[in-house]
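A look at the structure
Residue strings, one per chain:
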Amino acid sequence: MMIHLLSASYSGSDAQLHCGHKVMSAVIGKNGLTEQKQEGDHATPIGIFPLRKVYYRADRLIKPKTILPVEPLSPRDGWCDDPQSPDYNRFVKLPHPARHEQLWREDHVYDLIVVMGYNDNPAISGRGSAIFMHLQRPDRTPTEGCFALSESDLRTVLAAGADAVQVHAPG
């Protein structure tokens, strides 16, 4: 099932996620949506992307219901965001020699993560990495290029059988 993400305004980080007949409030990158994603640009990529896998903090949340593969996170889990690394835009085990994000975080943003199939087949250096659907911060601050939902909405999307997302260009 395809879900749809649309910018709620021409600028800013407010968006709407359409899942069947339900419309949910979402947060995108602070620089909005882009067709020319670059590493570190704080924009959410436009396009159609498969949903690959779900990771979750089993010490904080119950396992989500979904048709996607699900794996609990561990403190050694990371995601390489170093364009110079052969592991660019891939899940890695820590410690890792290249620059990376830690998936096991003190905040709750990555308690539930859906890996989007963006720039991964193959990964092109510098075109963006670690593009996830994850949990919103309590103050709904923008993401670094992902899109974020409340926990209940993300669980609803997963339980509905979502396996792909179309991020629509504004307008």
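Above this note sits the structure.
First things first, this report covers the structure right here in the doc. Just so it is clear, the model here is predicted, and its values are computed rather than measured.

A closer look at the overall build of the protein
Scanning the protein for helices and strands turns up one helix and 14 strands. Based on the C-alpha atoms only, the size of the protein along its principal axes is roughly 45 × 35 × 30 Å. Per-residue burial over the protein gives 49% buried out of 171 residues. In the protein, of all internal contacts separated by at least 6 residues, the share reaching a separation of at least 24 is 58%. Of the roughly 8200 Å² of accessible surface on the protein, 51% is carried by carbon and sulfur atoms. In the protein, 18 positive and 20 negative side-chain charges are present, and the distance between their average locations comes to 3 Å.

Some points on the state of the cysteines
Using the criterion set out here, one finds zero disulfides in the structure. Note on C19: no disulfide assigned, nearest cysteine sulfur contributed by C146 at a separation of 19 Å. For C19, a relative accessible area of 6% gives the class buried. C80 carries a free sulfur, and the closest cysteine sulfur to it, the one in C146, is 15 Å from it. A residue is classified by how much of its surface remains accessible, and C80, at 0% relative accessible area, is buried.

Considering the pattern of salt bridges
Counted under the stated rule, the structure contains 11 salt bridges. Of the charged contacts in the structure, one is a salt bridge between R140 and D14, with a shortest N-O distance of 3.4 Å. Here D14 lies in strand β2 (residues 14–19) and R140 lies in the loop between β12 (132–135) and β13 (147–149), a separation of 126 residues in the sequence. R140 gets classed as partly exposed once you look at its relative accessible area, which sits at 30%. The closest approach of N and O atoms between D111 and R60, which form a salt bridge, is 2.8 Å. Separated by 51 residues along the polypeptide, D111 in the loop between β10 (100–102) and β11 (112–116) and R60 in the loop between β6 (47–56) and β7 (70–72) bring together distant segments of the chain.

A few points about the pairing of strand β8 (residues 77–80)
Sheet faces and side chains relate simply in a regular strand, where the side chains alternate between the two faces. Going residue by residue along β8, you find D77 and W79 tucked away on one face and G78 and C80 tucked away on the opposite face as well. As paired strands, β8 and strand β9 (residues 91–93) are joined by three bridges and run antiparallel to one another. In the strand pairing of β9, D77 is matched with K93.

Thoughts on helix α1 (residues 151–159)
Residues of α1 that are buried include every one of D153, L154, R155, V157 and L158, and no others. After α1 finishes, the residue G161 shows a positive phi value of roughly 95°.

Description of unusual backbone geometry
A cis amide bond links L94 with the next residue in sequence, P95, at an omega value of 0°. Residue position: P95 is located in the loop between β9 and β10. Following N121, the chain continues to P122 via a peptide bond in cis, the omega torsion being 0°. Within the secondary structure, P122 sits in the loop between β11 and β12. Even without glycine at this site, N89 takes up a positive phi of about 60°. By the secondary structure assignment, N89 is in the loop between β8 and β9. In this structure, A130 takes a positive phi of about 55° despite not being glycine. Tracing the backbone shows A130 in the loop between β11 and β12.

Quick notes on the rules
- Residues numbered from 1 in each chain as written.
- Predicted model: local features only at pLDDT ≥ 70, side-chain atom pairs only at ≥ 80, totals over all residues.
- Heavy atoms only, no water.
- Helix = DSSP H or I, 4+ residues; strand = E, 2+ residues; numbered from the N terminus.
- Buried < 20%, exposed > 50% of the residue type's maximum accessible area, 1.4 Å probe, protein only.
- Contact = heavy atoms within 4.5 Å.
- Areas by Shrake-Rupley, 256 points an atom, 1.4 Å probe, with all protein chains shown as cover.
- Lys, Arg positive; Asp, Glu negative; His and termini not counted.
- Charge placed at Lys NZ, Arg CZ, Asp CG, Glu CD.
- Disulfide = S-S within 2.5 Å.
- Salt bridge = Lys/Arg side-chain N within 4 Å of Asp/Glu carboxyl O.
- Pairing = 2+ DSSP bridges.

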